[in-house]
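Analysis of the macromolecular model
The primary structure of each chain is shown beneath.
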Amino acid sequence: MITKTAPPAPAPGVHQPDPAPKPTALFPIPVAEMRERYLALYTGAVNDVLRFHYNMHATSLPADFAPLRETMKMAGLAFTVKGGPDITTEGEFEMRAQMLEDLHPDSVVVWDCTGDTVTSQWGEVMTMAALKLKCRGAIVNGIRDTLAILELGFPVFHKYKANTGMLGRFRMYHYQKAVLMGEVKVQPGDWIFGDVDGVIAIPQNIAYDVLIAAENILHKEEDIRKMVESGMKPTDVVRNGGYF
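Residues numbered from 1 in each chain as written. Predicted model: local features only at pLDDT ≥ 70, side-chain atom pairs only at ≥ 80, totals over all residues. Heavy atoms only, no water.

Considering the UniProt feature "binding site: substrate" (unreviewed entry) in the protein
Mapped onto this numbering, the UniProt entry annotates "binding site: substrate" (unreviewed entry) at Gly123, Glu124, Val125, Met126 and Arg144. These annotated residues cover 22 residues of sequence, and their C-alpha atoms all fall within 10.7 Å of one another, placing them together at a single site. On the secondary structure map, methionine 126 appears in helix H4 (residues 124-132). Among all residues touching methionine 126, those that are not within four sequence positions of it are Arg96, Met99, Leu100, Trp111 and Gln121. On the secondary structure map, arginine 144 appears in the loop between strand S4 (137-143) and helix H5 (146-152). Excluding residues that lie within four positions of it along the chain, arginine 144 makes contacts with Ser120, Trp122, Gly123, Glu124, Ile149, Ala162, Asn163, Thr164 and Gly165. (UniProt positions renumbered as here; feature names shortened; annotations may be inferred. Helix = DSSP H or I, 4+ residues; strand = E, 2+ residues; numbered from the N terminus. Contact = heavy atoms within 4.5 Å.)

Pasting the structure below:
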C-alpha cells in the first residue's frame, strides 16, 4: 500500500497560487446523454466515421469478443485492467477488491488478459460490485457464473466461458494504464462502444465529434432506405448520393 504524505505547509507570508482549475466535463454534453445517444447507434457507422473521417483503421477490438446476448450493447469510459497467467497469489484478492472499489460511474472495464485462454476473470460477485458503482459493462477473455450475469442484465463481451477461477492461475498486474487489445491501444477514459458486431475504442478527445458524424450517417441511411424501398435501381441510388 502506498502511503500519501501531506505537502509541506507554505512559509509564513508567502502567497501560494491557486491550484489549476479542474475540467468540469469531459464532453460538451453530460456523459449520460453521450451514452444514450451512442446506444442508439450501431458500431458499423462509428467504424465508418473513424476510417473515412479520421483515417483511423485500428479501432476495433479483436472480433472474438462477443456479447453474452446479441441484444446487449454498452457504452462508456474505458477503465483498463492488465493481467495474465500467473500462479502467485499474494495480495491478489486485495488488489482485485481495490480495483472494484475504484470503478467509477459510466465506466466500461477493459481487460487485457495477455492471451489467457483458460481462466475466467469475471463472474457473478464482480458483476454485482460493478453494478453498485454504476459500471456499464465489461470486456474480458473468460467468464463464469454466466446465468447469474444474465439475470443481472450486465453487458459483458467475452471470448469464452470457463469454470476455472483466477486465483492461482491468473492475476491482475495493474489497472488504469494503457492496454493493448489486439492492435488497438486503449487509454483510460477512451470511449468504448459495443454491440453485436463488436467493440470499438474511440479516443476521448474526438468521441463527441464522432457521435455527431455517426448520427448524420444514420439520418442519411434513412434516405437511402426510402430510395431502395421505392424501387429505385441500385445504380440510381448511387447517382443520388446513396451507397450500399
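What to know about unusual backbone geometry
Phi is positive for aspartate 145, which is not a glycine, with a value near 55 degrees. Within the secondary structure layout, aspartate 145 lies in the loop between S4 and H5. For aspartate 145, a relative accessible area of 36% translates into the label partly exposed. Phi angles above zero are rare outside glycine, and glutamine 176 is one such case at about 60 degrees. Here glutamine 176 lies in the loop between strand S6 (170-175) and strand S7 (179-181). (Buried < 20%, exposed > 50% of the residue type's maximum accessible area, 1.4 Å probe, protein only.)

Quick look at H4
Burial in H4 covers these residues: Met126, Thr127 and Ala130. Seen from one end, H4 has its buried residues packed into an arc of 100 degrees, which puts them on one side. For H4, the exposed residues lying more than 90 degrees away from the buried face are Val125 and Lys132. On its buried side, H4 packs onto helix H3 (92-102), strand S3 (107-112) and H5. Positioned one or two residues after H4, lysine 134 has a phi angle of 65 degrees, which is positive. (Arc of directions from axis to C-beta.)

Points about the nonpolar core
Core analysis: the biggest nonpolar cluster contains 24 residues, and Met99, Trp111 and Trp122 have the highest contact counts within it. The set of elements that each furnish at least two residues to this core consists of strand S2 (74-85), H3, S3, H4, S4 and S6. Leaving out residues up to four positions away in the same chain, methionine 99 has contacts with Phe79, Val81, Trp111, Met126, Met172 and Tyr175. (Core = buried A, V, L, I, M, F, W, Y, C linked by side-chain atoms within 4.5 Å.)

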